[in-house]
Amino acid sequence: MQALREDVTELALGTWGLSGEAYGPVSPAEAEAVIDRALELGVTLFDTADCYGRGSMERMLGDRIRKHGSPAWIATRIGTERGEERAKKAFEPAQLRDAFERSRDRIGRDRIDICLLHNPNVMTIERGEAIGVLKELTDKGAIGAWGVSAGDQHVALAAVESGARVLSLAYNIFHTRDLHAVAGEIAMRGVSVLAHSVLSYGLLAAHWGPERTFDEGDHRRERWSPDALRRRVAQLKLVRDLVGGDVLTPRAAALRFVLSNSLVTSAVLGPRSTAQLEQLLREAGSGPPYLPESALSILPSRLLAAGISS
Ligand SMILES: NC(=O)c1ccc[n+]([C@@H]2O[C@H](COP(=O)([O-])OP(=O)(O)OC[C@H]3O[C@@H](n4cnc5c(N)ncnc54)[C@H](OP(=O)(O)O)[C@@H]3O)[C@@H](O)[C@H]2O)c1
């Protein structure tokens, strides 16, 4: 299958935050409202995983999209099993086949548009069994396009070399190295890229002071030490400098930076409320150029000068 570019919108809705597991509680009513609003505003790609909310996000997406009558696509991830205590990887063929059937059941569709292995390591990809399952399901028409959600560039490269048609990767102003490292391969093979964490978990919205703390149950509590967060917040000047003209906020600059990369098929947004969703959709811009070429070309040297080896 060719790149998804013609089939899905450049802005996709992610559901990790909506599950309430990533950043703290979100009510099911709010999560549904965000999905409904995204559908009303024309979003045609929704991103999830079987483990988000222990399957509740897949079920919710299937329901809301069906009720709306939209032909929207769903990208889901399999390969994580949630025990009572913690999650563990589950990439054995039998586990993946079961997980796929459960996802298909929850989503309520015979065919899953995009199915990704959820953060495998290089060895799992190279062993071939796990991707073999996804290839087989794709050949049977049960998956539209298979791919890998890659935690780093080594996994991304192994995935692309194994024939993945879709890559899900973190990509933002402060974290470009993984996508850049595999850019040539992606372009050559026409792989579709779903870029996530475009706001670096909210940091790039530039709303935080240096002493920002996070509640229990918010993954950002463990992500940055107080020192690392102070350093990151100080570096946001670089993002603020991109504001101007129709780029109204640092948040818009961060999102537009991702959309400016022609390798990105869709930027996967992570709003936790309809207000956040609407801000992002309003500020994204309607097409290239998303940011002035002059600003984009000097950004790499500015990042380096600020000590960001992104
Ligand atoms: N391994 C993987 O495959 C993987 C990993 C990560 C993400 N993803 C996918 O990508 C999606 C997005 O990822 P992400 O959560 O890392 O995204 P992100 O956009 O970098 O961060 C989301 C956070 O940004 C803040 N935010 C969102 N909209 C905002 C707005 N309008 N103004 C100010 N702040 C805003 C919110 O934080 P506050 O709560 O502080 O407001 C929100 O929790 C996920 O839902 C998931 O579908 C996949």
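This text follows the structure it describes.
Residues numbered from 1 in each chain as written. Predicted model: local features only at pLDDT ≥ 70, side-chain atom pairs only at ≥ 80, totals over all residues. Heavy atoms only, no water.

> Sorry if this is basic, but what is going on with the site of the ligand here?
Every one of the 31 residues lining the ligand counts as a neighbour, but Tyr23, Asp47, Arg77, Ser149 and Ser197 are closest to it. Residue Thr15 places a main-chain N or O atom 3.1 Å away from an oxygen atom belonging to the ligand. Taking Leu199, its main chain carries an N or O atom lying 3.1 Å from an oxygen atom of the ligand. Relative to its unbound accessible surface of 900 Å², the ligand loses 93% to contact with the protein. Only strand S10 (266-269) and helix H13 (274-283) provide two or more residues apiece to the shell around the ligand. Across the shell around the ligand, the residue classes tally to 11 nonpolar, 15 polar and five charged. (Near = heavy atom within 4 Å. Polar contact = N/O pair within 3.5 Å; in protein donor to acceptor, adjacent residues only side chain to side chain. Areas by Shrake-Rupley, 256 points an atom, 1.4 Å probe, with all protein chains shown as cover. Helix = DSSP H or I, 4+ residues; strand = E, 2+ residues; numbered from the N terminus. Nonpolar A, V, L, I, M, F, W, Y, C, P; charged D, E, K, R; others polar.)

> What exactly am I supposed to notice about the pairing of strand S3 (residues 73-78) here?
On a regular strand, one side chain projects to one face of the sheet and the next to the other, so that they alternate. Judged by how many residues are buried, S3 sits mostly within the fold: six of six residues are covered. Residues of S3 alternate between two faces, with Trp73, Ala75 and Arg77 on one and Ile74, Thr76 and Ile78 on the opposite face, all of them buried. When strand S2 (residues 45-47) meets S3, the two strands line up parallel, connected through three bridges. Residue pairing in the sheet places Leu45 in a bridge with Trp73 of S3. (Buried < 20%, exposed > 50% of the residue type's maximum accessible area, 1.4 Å probe, protein only. Pairing = 2+ DSSP bridges.)

> Where do I start with the nonpolar core in this structure?
Among soluble globular proteins, nonpolar side chains are generally buried collectively. Formed by 97 residues in total, the largest nonpolar core has its most connected members in Phe46, Val148, Leu167, Ile173, Phe174, Ile186 and Leu255. It is helix H12 (residues 250-259) that contributes the most residues to this core, seven residues altogether. If we skip the residues at most four places from it in the chain, Phe174 touches Leu203, Leu204, Arg232, Gln235, Leu236, Val239, Leu303, Ile308 and Ser310. (Core = buried A, V, L, I, M, F, W, Y, C linked by side-chain atoms within 4.5 Å. Contact = heavy atoms within 4.5 Å.)

> Looking at this structure, how should I read unusual backbone geometry?
What you tend to see is this: most non-glycine residues have negative phi, and most peptide bonds are trans. Each neighbour pair has its own omega, and for Pro288 with Pro289 the value is 0°, a cis peptide bond. For Pro289, the position within the fold is in the loop between H13 and helix H14 (293-305). Although it is not a glycine, Arg54 adopts a positive phi angle of roughly 50°. Topologically, Arg54 is positioned in the loop between S2 and helix H2 (56-68).

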